[in-house]
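A closer look at the structure
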There are 4 protein chains.
Amino acid sequence: MNLTMDMMKGAMSASDRPMKDVDLSMMQEAVEALSACMQACLMCADADAGESMGRCAAMCSNCADVCDTMMRMMLRTTGYDVRVMTSMMEACVTMCRACSAECSQHAEMSEHCRMCAMACDQAVMAMEKMMGAMEEMPAS
Amino acid sequence: MNLTMDMMKGAMSASDRPMKDVDLSMMQEAVEALSACMQACLMCADADAGESMGRCAAMCSNCADVCDTMMRMMLRTTGYDVRVMTSMMEACVTMCRACSAECSQHAEMSEHCRMCAMACDQAVMAMEKMMGAMEEMPAS
Amino acid sequence: MNLTMDMMKGAMSASDRPMKDVDLSMMQEAVEALSACMQACLMCADADAGESMGRCAAMCSNCADVCDTMMRMMLRTTGYDVRVMTSMMEACVTMCRACSAECSQHAEMSEHCRMCAMACDQAVMAMEKMMGAMEEMPAS
Amino acid sequence: MNLTMDMMKGAMSASDRPMKDVDLSMMQEAVEALSACMQACLMCADADAGESMGRCAAMCSNCADVCDTMMRMMLRTTGYDVRVMTSMMEACVTMCRACSAECSQHAEMSEHCRMCAMACDQAVMAMEKMMGAMEEMPAS
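Residues numbered from 1 in each chain as written. Chains lettered and ligands numbered in written order. Predicted model: local features only at pLDDT ≥ 70, side-chain atom pairs only at ≥ 80, totals over all residues. Heavy atoms only, no water.

To continue, consider the overall build of chain A. A count of helices and strands for chain A gives five helices and zero strands. When the elements of chain A are put in sequence order from the N terminus, they spell out α-α-α-α-α. Relative to a compact globule of 140 residues, whose C-alpha radius of gyration would be 14 Å, chain A shows 16 Å and is just as compact. Taking all 140 residues of chain A together, the buried fraction comes to 65%. Intrachain contacts of chain A at a sequence separation of at least 6 include 72% that bridge at least 24 residues. Distance between charge centroids for chain A: 7 Å, based on 10 positive and 20 negative side chains. (Helix = DSSP H or I, 4+ residues; strand = E, 2+ residues; numbered from the N terminus. Rg over C-alpha atoms; globule rule 2.2 N^0.38 Å. Buried < 20%, exposed > 50% of the residue type's maximum accessible area, 1.4 Å probe, protein only. Contact = heavy atoms within 4.5 Å. Lys, Arg positive; Asp, Glu negative; His and termini not counted. Charge placed at Lys NZ, Arg CZ, Asp CG, Glu CD.)

Written as structure tokens, this is what we have:
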């Protein structure tokens, strides 16, 4: 992840980025949490499918795709738009919360669901931290 | 697209889908509009990059990923959750509107931006139509 | 799809594209087949997961992602590289064939598997047609 | 990344996985290298687009998508198929090598290209290590 953050540091130092005042460590935390959540959701969906847990598999597959897209948007610093980012972060938090709630129902009998719920919760926390910081910024 | 809708019809006829009352033709329109928007955005981003239009390229790349994810969520009928879908549709509309606004600025000099803005506008219309229909449904 | 091909025509008319002699109708067929296969695979994986068909769901999820990426690479005309495209097309054909073989095993009892296998077969045919045309081109 | 590997360990311990003898540390190295390469390529493409480096941006965007899909296939242990995985790993190596070659041309003047080429090279090394280990396995 150090390479990513070295590149992010260079990208964010450009003067005309609408989110240039976002803390780099907060960004790193979010990118890492989204990446981990995407990976956990892909593996949980894969395990679910063999266990007839179709609802959980679909929620996890959706959550993996949403986290992937959210992470891609964070890495494209040139495209930052506060309104778009805020709206997508809200969707991402809603998705991760719903996936965590679904996985938590199976956490006692299924270890992959327990771990996937944890990854979703961490993604929610990282998103909310960043959304809090962004509220103080003017819309671009 | 007929194959997709044949499969969608089968999937939506299952009795326990939270969005089973959504009209199939409305769903088809949305999936087709998102697919076309994703493709237009990928090509516009590709053309932009060689023309030093970094902001437009980044907006289009983000919009392609958001439309891709939104379409995937629509095709996974087992994972329908009204709250999650609504939130993601709002993010998708916000993204497509912002991308259309950006592309429209270059529409006169750049044919790919003019067409990309059109594709974004059609995706917005299809999403809004579906969101209107969903407002009358109870949250799952 | 007309919009996509209008944009593709503009992009491919640029003089320095390594694959500029590829027939536009062949490209259109490939993009449409990949898009349809991606959509069929996403829906088949979704249905499989509730039926304890884990192996089929995983194959279909992989096939959806491979077709998505293959389609994205076709739409990015600026990035055409004959060696890379050929290698990715071979991987895509191998993936679609394996997914078709898996789905065909369940085709009699499962309508979504029958339709997904058809979509995979059509993607294979479109890829092979293009690969045949590309063999006559020099490596970039 | 620890959570991912905890989940991977559980998934790979299931007895019927065609690639169950692949070393877990080798898998971890590959997943981490692909994730890092995807992130570096996304950021490099984003920076390129503003600098009129269209060819480099397109190669990096393609490479990001290929690495994303390759990583997803590795995380779906239920879908392992030696022939498909081998073919996709060859495509991924071809893509990462081509992207590294492109970025290396701009490495002296562009720091993001220098770092992106490094990430591509590391992904190639991780893939080749795993391909070497897989050669000793029978086709599924």
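Following the structure, the description resumes.
This part is about helix α4 (residues 82-104) of chain D. Quick reminder: α-helices carry 3.6 residues per turn. Residues three or four places apart thus point the same way. Between the first and last C-alpha of α4 of chain D there are 32 Å, a value that for 23 residues agrees with the 33 Å anticipated at 1.5 Å per step. Backbone nitrogen of R83 of chain D and a side-chain oxygen of the N-cap are separated by 3.1 Å at the start of α4 of chain D; the cap is D81 of chain D. (Expected span 1.5 Å × (residues − 1). Polar contact = N/O pair within 3.5 Å; in protein donor to acceptor, adjacent residues only side chain to side chain.)

All names here are of chain C. Even without being a glycine, S52 presents a positive backbone phi close to 65 degrees. Within the fold, S52 resides in the loop between α2 (24-49) and α3 (54-75). The partly exposed category is assigned to S52, whose relative accessible area is 38%.

Turning our attention to the side chain of H112 of chain B. Tracing the backbone through its elements, the reader meets H112 of chain B in helix α5 (residues 111-134). Residue classification places H112 of chain B among the buried residues on the basis of a relative accessible area of 14%. Within the local environment of H112 of chain B, its side chain forms a polar contact with the side chain of S110 of chain B, the two groups lying 3.1 Å apart. Filtering out sequence-adjacent residues up to four positions away, H112 of chain B remains in contact with C44, A47, D48, E51 and M53 of chain B together with M7 of chain C.

Now for the interface of chain C and chain B. Chain C puts 31 residues into the contact, and the matching count from chain B is 31 residues. Across the chain C/chain B interface, buried area totals approximately 2,600 Å², and carbon plus sulfur atoms make up 65% of it. Counting the surface chain C buries against chain B, the share from its top three residues, M7, Q39 and M43 of chain C, is 27%. Between D65 of chain C and R72 of chain B there is a salt bridge, with the nearest N and O atoms lying 2.8 Å from each other. At the junction of chain C with chain B, the criterion picks out ten residue pairs in polar contact (both at pLDDT 80 or more). Listing elements by their share of the side of chain C that touches chain B, those giving two or more residues are α1 (2-12), α2, α3 and α5 (111-134) of chain C. Counting residues per element, the side of chain C that touches chain B draws most heavily on α2 of chain C, at ten residues. Class assignment for the residues of the side of chain C that touches chain B results in 18 nonpolar, seven polar and six charged. (Buried area = accessible area lost by both parts, 1.4 Å probe. Salt bridge = Lys/Arg side-chain N within 4 Å of Asp/Glu carboxyl O. Nonpolar A, V, L, I, M, F, W, Y, C, P; charged D, E, K, R; others polar.)

For helix α2 (residues 24-49) of chain B, which comprises 26 residues, the first-to-last C-alpha distance of 38 Å matches the rise-based estimate of 38 Å (1.5 Å per residue) to within 8%. Across the 26 residues of α2 of chain B, 19 count as buried, placing the element largely inside the fold.

Moving on: the relation of the copies chain C and chain B. Turning chain C through 180 degrees and shifting it by 0.0 Å along the axis lays it on chain B, with an RMSD of 0.0 Å. The two molecules are tied by a two-fold rotation axis, judged by turn and shift. Rotation axis and chain C: the residue whose C-alpha lies nearest the axis is S35 of chain C, separated from it by 4.0 Å. When the interface residues of chain C are mapped onto chain B, 97% of them again lie at the interface, so the same face is used by both copies. (Least-squares fit on C-alpha atoms with pLDDT ≥ 70 in both.)

Attention now moves to the confidence of the model for chain A. Here chain A averages 90 in pLDDT, while 91% of its residues score no lower than 70. The ipTM assigned to the predicted complex is 0.93, against a pTM of 0.95. (pLDDT = per-residue confidence, 0-100.)

To continue, consider the nonpolar core. Ranked by internal contacts, the top residues of the largest apolar core, which has 243 residues, are M74 of chain A, M74 of chain B, M74 of chain C together with M74 of chain D. Beyond its immediate stretch of four places on either side in the chain, M74 of chain C contacts M8, M27, A30, V31, L34, Y80, M85, M89, M127 and M130 of chain C. (Core = buried A, V, L, I, M, F, W, Y, C linked by side-chain atoms within 4.5 Å.)

This brings us to the relation of the copies chain D and chain B. In this structure, two copies of a chain are linked by a rotation about an axis accompanied by a shift along it. Overlaying chain D on chain B yields an RMSD of 0.0 Å, the required transformation being a rotation through 180 degrees with an accompanying axial translation of 0.0 Å. In this assembly the copies share their binding face: 100% of the residues contributing to the interface of chain D also contribute to that of chain B.

Another aspect to go through is the interface of chain D and chain B. At the junction of the two partners, chain D supplies eleven residues and chain B supplies eleven residues. Summed over both partners, the interface of chain D with chain B comes to about 580 Å²; 48% of that surface belongs to carbon and sulfur atoms. Here chain D and chain B share zero salt bridges between them. At the junction of chain D with chain B, the criterion picks out two residue pairs in polar contact (both at pLDDT 80 or more).

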